[in-house]
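Next come the chains, spelled out residue by residue.
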Amino acid sequence: MLTGALLKASTGLAYLAYKTTETTHADYDPVLKGHYDTDPEISLYEGEQLTSRFSKLRESLEPLGVDVTDSEHWVSEMLPMFGFNGLKVNLRRDVSVVASEFKDPVNYNAVYGYTYCRGEVTLNERMFNPESAWNGKVENLQVLAHELAHEVQGTMCQDIRYTERLEESAQIASWEVLASMANEGSRPALHALVVSLEKNAYRASLYRAMRDRQLPYFLKRFRKIVGEENFSAWERMRRANMSDVGGLHDILRRYSYDPLKTIIESRKTGWEVIGLSLPIVEHAGGRVIVGRIAFKLDDLKYFLEHAEGLTEALN
Ligand SMILES: [Zn+2]
C-alpha cells in the first residue's frame, strides 16, 4: 500500500505504481471490458476501470431529460419487466407514485424516494419542482425502478432476515430491468442505466478509497474521470455527510459497493446470483413459501457486453 506522504509528494507517480502492481494478476474480462482479479473485493483500480468505462459512455451520449412525474406510464412499462425477469410477487396489484416535500433539510438533500412496499412509492418533490436541480434528471428513472424493486420484494422489506441485502438487491434488480428496456431500444432506460452505473462505480470506488486511506488520490484522479459537473454533485454528497462518516460508509457500501461487487463476482457463476433479497413464491401443501430466487443477470450481462455499440446505436 502507498503511504500518505508518497501520495502527497506525487499523485501521478503513486497512481502508476498502484496500477502496475494491480494489473499483474488481473485478467481481461470481455464483458466488463477491463482487468479484474480473482479477489471478490473491488480494488480501487477495478473501481476506476468501471467508472472510466461508464463516464466515457455517458460523455458520448447526447443529454436527455426524463420526466418521471409522468409516473403512470413508467410504472406500467417497468413493472412487468420485473415479472419478465422472474420476480412475480405482488405484481397483481397497482403501484401508485406520489410526491412528498421533505421538510427535514437532510432528507430534502439526500433522499430520492422511499416505499413501505405496500403499493405506494414516494419520490422527493424536488424531481417534480421545475426550479430544482433534480428536475428532469435522467437518473430519476433508476430511482423509480429501485423503488419498484422494493415493491416487488413485498413482505421481504419488513423481514429482518432479508434486511442486509435489501438495498443491494433493489439496485441489482433495477439495473437488470433498465438493461432489459435498453436492450429493447429504450433511450431513456439506456441513459438512466449508464448514468446510474457511473455514479455507483464512483461511489463504490470512494468507499474503497476511504477504507484504504486513499482519499486524496481518489479525489484528484476521479475528478478527471467523471468530469467537473458530476464530481461537483457527488463530492458535495460526501462533504455533506462528513459529520457521520460511519453512516456515509454504510450507504456507499449498501447501495454502490456491494451490488457492483456482486455483479462483478457473478461472472464466475454464469451471471446468476444466489442469496439476494429477491423473492420467489412456492406453493407447498396449501402454504405459500417465500424464498430467495436465483437471479439471472442475463440482460445486464448482454448490456455490459454490448454497451458501446448500443450507446452508439441509440444515441
Ligand atoms: Zn431502497
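For the structure, see preceding data.
Here we summarise the structure given alongside this text. The residue count restarts for each chain, going from 1 along the sequence in the order it is written. Thresholds applied to this predicted model are a pLDDT of at least 70 for local features of residues and 80 or more for the giving and counting of side-chain atom pairs; totals over whole chains, interfaces and linings are not thresholded and use all residues.

When helices and strands are tallied, the protein chain shows 11 helices and 9 strands. Two things to know: the radius of gyration comes from C-alpha atoms, and the globule rule equals 2.2 Å times the number of residues to the power 0.38. Compactness check: the protein chain gives a C-alpha radius of gyration of 19 Å against a globular reference of 20 Å for 315 residues, within 12% of the reference. For the protein chain, the spread of C-alpha atoms along the principal axes amounts to about 65 × 45 × 40 Å. Partitioning the contacts of the protein chain with sequence separation of at least 6, the portion at a separation of at least 24 is 71%. Helical segments are the DSSP runs of H or I of at least four residues, strand segments are the runs of E of at least two, and each set is numbered from the N terminus. Working definition of a contact: two residues with C-beta atoms, positioned from the backbone, lying within 7 Å.

Let's shift gears to the sheet that holds strand E5 (residues 120–124). A pair of strands is treated as paired once DSSP finds two or more bridges between them. If you walk across this open sheet you meet the 3 strands as E3-E5-E4, and the pairing is mixed. Edge positions in the sheet fall to strand E3 (96–100) and strand E4 (113–115), since each has one partner strand and no second. Averaged over all adjacent pairs, the angle separating strand axes in this sheet is 25°, with direction ignored. Pairing of E4 with E5 involves 3 bridges; the strand directions are antiparallel. What sits directly across from Thr115, in E5, is Val121. For helices, the fitted axis covers only the stretch in contact; all axes are lines through C-alpha atoms, and the angles between them, taken along N-to-C directions, range from 0 to 180 degrees.

Okay, helix H11 (residues 298–314) next. Within an α-helix, residues lying three or four positions from one another point in the same direction, as the helix has 3.6 residues per turn. Expected helix span is taken as 1.5 Å per residue step, with the number of steps being one fewer than the number of residues. Here H11 is 17 residues long, yet its end C-alpha atoms lie only 20 Å apart, well below the 24 Å a rise of 1.5 Å per residue gives. The quantity called bend is, for any residue, the angle between two axes fitted respectively to the seven residues ending at it and the seven beginning at it. The largest bend along H11 reaches roughly 75° and is located at His306. Our exposure labels follow a C-beta count within 10 Å of each residue's own C-beta, placed from the backbone: buried means 20 or more other C-beta atoms, exposed means 12 or fewer, and partly exposed covers the counts in between. Along H11, the residues classified as buried are Asp299, Leu300, Lys301, Phe303, Leu304, Ala307 and Leu310.

Interaxial distance between helix H8 (residues 187–211) and H11 falls to 11 Å at its minimum, and their mutual angle equals 125°. Taken together, H8 and H11 sit at an angle that is classed as oblique. Of the two elements, H8 crosses H11, and the hand of that crossing is left-handed. Residues Arg187, Leu190, Leu193 and Val194 of H8 form the contact with H11, whose own contacting residues are Phe303, Leu310, Thr311 and Leu314. Residue classes follow a fixed rule: Ala, Val, Leu, Ile, Met, Phe, Trp, Tyr, Cys and Pro count as nonpolar, while Asp, Glu, Lys and Arg count as charged, and any other residue, Gly among them, counts as polar. The class makeup of the residues in the contact of H8 with H11 is 6 nonpolar, 1 polar and 1 charged. Oblique is the label for any angle not under 35 degrees, not over 145, and not in the 65 to 115 range, which are roughly parallel, roughly antiparallel and roughly perpendicular in turn. Note: crossing handedness is left-handed where the near helix turns anticlockwise from the far helix by less than a right angle, and right-handed where it turns clockwise.

Once that is clear, we can look at unusual backbone geometry. Positioned with a positive phi, Cys117 is a non-glycine residue whose angle comes to about 65°. Along the polypeptide, Cys117 turns up in the loop between E4 and E5. Even without a glycine there, the phi angle at Arg213 is positive, about 55°. By the element assignment, Arg213 lies in the loop between H8 and helix H9 (215–240). We classify Arg213 as partly exposed; it has 13 C-beta atoms within 10 Å.

This paragraph deals with helix H6 (residues 140–153). Between the first and last C-alpha of H6 there are 20 Å, a value that for 14 residues agrees with the 20 Å anticipated at 1.5 Å per step. Judged by how many residues are buried, H6 sits mostly within the fold: 14 of 14 residues are covered. Remark: Gly154 follows H6 within two positions and exhibits a positive phi of approximately 55°.

Position of Leu148 relative to the elements: it lies in helix H6. Distance in space between the C-alpha atoms of Leu148 and Thr51 is 26 Å, their sequence separation being 97 residues. In this view, Leu148 contacts Val75, Met78, Leu79, Phe82, Val95 and Val121; residues no more than four positions away in its chain are not counted.

Our next topic: the pairing of strand E8 (residues 287–292). Across the 6 residues that make up E8, only a small minority, 0, are buried. Sheet topology places strand E7 (residues 279–284) next to E8; 6 bridges connect them, and they run antiparallel. Counted as the bridge partner of Val281 is Val290 from E8. Joining the antiparallel neighbours E7 and E8 is a turn of 2 residues, in which Gly285 adopts a positive phi near 55°.

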